[in-house]
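# Secondary and tertiary structure notes
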Amino acid sequence: MTARLLAVAAAHARIMARRRSAVALLALLPLAFYGALYRHSPNAVAVGGVASAFSAGGAAIFSMLPARGADQRLSLAGYRPGLLIAGRLVVLEATSLAISLITAAVMIAGTGPAHPREVFAGVILTGLAAVPLGLALGALLPRELEAVLVLIGIVGVQVTAKPDTVISAVLPFHDARQLLDAAVSTPAAVWPRLAVTAAYAAALAVVSWIAWARQGIALRR
Amino acid sequence: MRVARARNQLRSRSTTSPSSACPEGYPEIAAQPSAAPAASPAPLLTVTGLAKSYRRRPVLRDVSLQAWPGQVLAITGENGSGKTTLLRICAGLEAPGAGTVRRGAAAGYCPQQPALFDLLTPAEHIGLFAAGRDGAAAEVRDLLDSLGLPLAGRALVRDLSGGARQKLSLALALIGQPRLLLLDEPYQGFDHGSYLDFWQRARGWRDEGRAVVVVTHLLTELDRADQVIELRAPAPAPARDPAPE
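Residues numbered from 1 in each chain as written. Chains lettered and ligands numbered in written order. Predicted model: local features only at pLDDT ≥ 70, side-chain atom pairs only at ≥ 80, totals over all residues. Heavy atoms only, no water.

Moving on, we come to the layout of surface pockets. Residue and element names in this part refer to chain A. Size it by volume and the largest pocket reaches roughly 550 Å³. If you trace the largest pocket, you find 25 residues lining it, with R19, G58, A59, F62 and S63 closest to the centre. Elements with a minimum of two residues in the lining of the largest pocket: helix 1 (2–17), helix 2 (20–37), helix 3 (44–64), helix 5 (81–111) and helix 7 (144–160). With five residues, helix 3 is the largest single contributor of residues to the lining of the largest pocket. For the lining of the largest pocket, the class distribution of residues is 19 nonpolar, three polar and three charged. (1 Å grid on protein atoms, 1.4 Å probe; cavity = no way out; pocket = protein on both sides within 12 Å on 5 of 7 lines; lining within 4 Å. Points joined across faces, edges and corners; volume = space filled by probe spheres on them. Helix = DSSP H or I, 4+ residues; strand = E, 2+ residues; numbered from the N terminus. Nonpolar A, V, L, I, M, F, W, Y, C, P; charged D, E, K, R; others polar.)

Set out below in structure tokens:
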């Protein structure tokens, strides 16, 4: 099982490494949001941090949907759907972590927030939830356009909704957003928010696993 | 009110026993299990009463067939007759609406459109698929070599020709030496030599005791098969006369 997981992860790592221009754009996208606001808005760090969900979630969507046929063949070749999801998850979370570190470092250098630890934590938590969200959208929705539009909607609402509203609280980046807001105001507890976001991410990963399994069914002999 | 229903017709003949070929006017929706070759322990594929509809449009209805070890079974029919759907159901990639599919062995499946990763090389594909099956890739490498698809290069799948992709797709179906091969027009884009090589290999797989199920459009290929199943596109059923008022 470990060998198969490594084989899937290695394949997706190769694919990611060969998309150099896409990876560069993924890193630049949240910085573009931050750059547009950092001189004019106190929300620049929060917007830039949550916008990293566009990158991580988008990469996950485009890792899933174009590979639906190939994954079905892999399921016939002995790979369980959970392995196919887990292999992607490992690679995309690692990519997301790298993007998060770059994003957080640039925002800290640009804004000089009072609590830089919260910036790192908030951006990393955003990526932690965004990857399984993208995987779930890719597994549930039939085409890239629909999946991307839903991702834009979720992230857009999370960015624009006031943090104390119900709609904000039920979205996956709520705790990350609270940490990013706290970075420029009063410090906030990281670990409870990490636990909530990790639980949310795990639930999304399970959803994508179940949805992928339903599409890659292999009859029992 | 006119009521029209689509239905499949299924015809079967055996090229190994021409005398048993069905005459014209096969019965509609006839279940035609193929004759079991002598000394065959069990069929490698048994389809019974299979039906499938998409959004209430029947694609397959009451299809039954068997594929035995040491047999090449051709599935033919016009566009829209459900050949690809039938093979996908046999492979386990779609659930049947009704009926049962039982496979007696692991199946290798080659889809009509190569489902590959554009940014991996052929060698990386083989490594990935072989890891899933714990299968030796030597036979696959040999096949790709004979089909003229080099494995040593760094060319990505996106840079390969359509024929080369199809060769790789076929090769992946063979990893692990599955005893049941489900091949959906596996030679699309092949040059003539590769096409002939495919059929020579198909005979070899049959001689090894595998069951080879091939979807094809080409009538010229039917003589290469031991058994031919013809699916017909769902045709409107005879309209019922309006009820007398």
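Text resumes after the structure shown.
Residues and elements named next belong to chain B. The pairing of strand 2 (residues 45–54) with strand 3 (residues 57–67) spans seven bridges and is classified as antiparallel. Within strand 3, the position partnered with L50 by the bridge is V63. The turn linking strand 2 back onto strand 3 is made up of two residues, and R55 within it adopts a positive phi angle of 50 degrees. In the sheet, strand 2 pairs with strand 5 (residues 98–103) via five bridges, with the strands oriented antiparallel. Bridge pairing in strand 5 places L45 opposite R103. (Pairing = 2+ DSSP bridges.)

Turning to the side chain of R177 of chain A, a few remarks are in order. All names here are of chain A. Considering the arrangement of structural elements, one finds R177 in helix 9 (residues 174–183). Within polar-contact distance, the side chain of R177 engages the backbone oxygen of Q158 at 3.1 Å. Once you skip the residues sitting within four places of it in the chain, R177 turns out to touch N43, A46, V50, Q158, V159, A161 and P163. (Polar contact = N/O pair within 3.5 Å; in protein donor to acceptor, adjacent residues only side chain to side chain. Contact = heavy atoms within 4.5 Å.)

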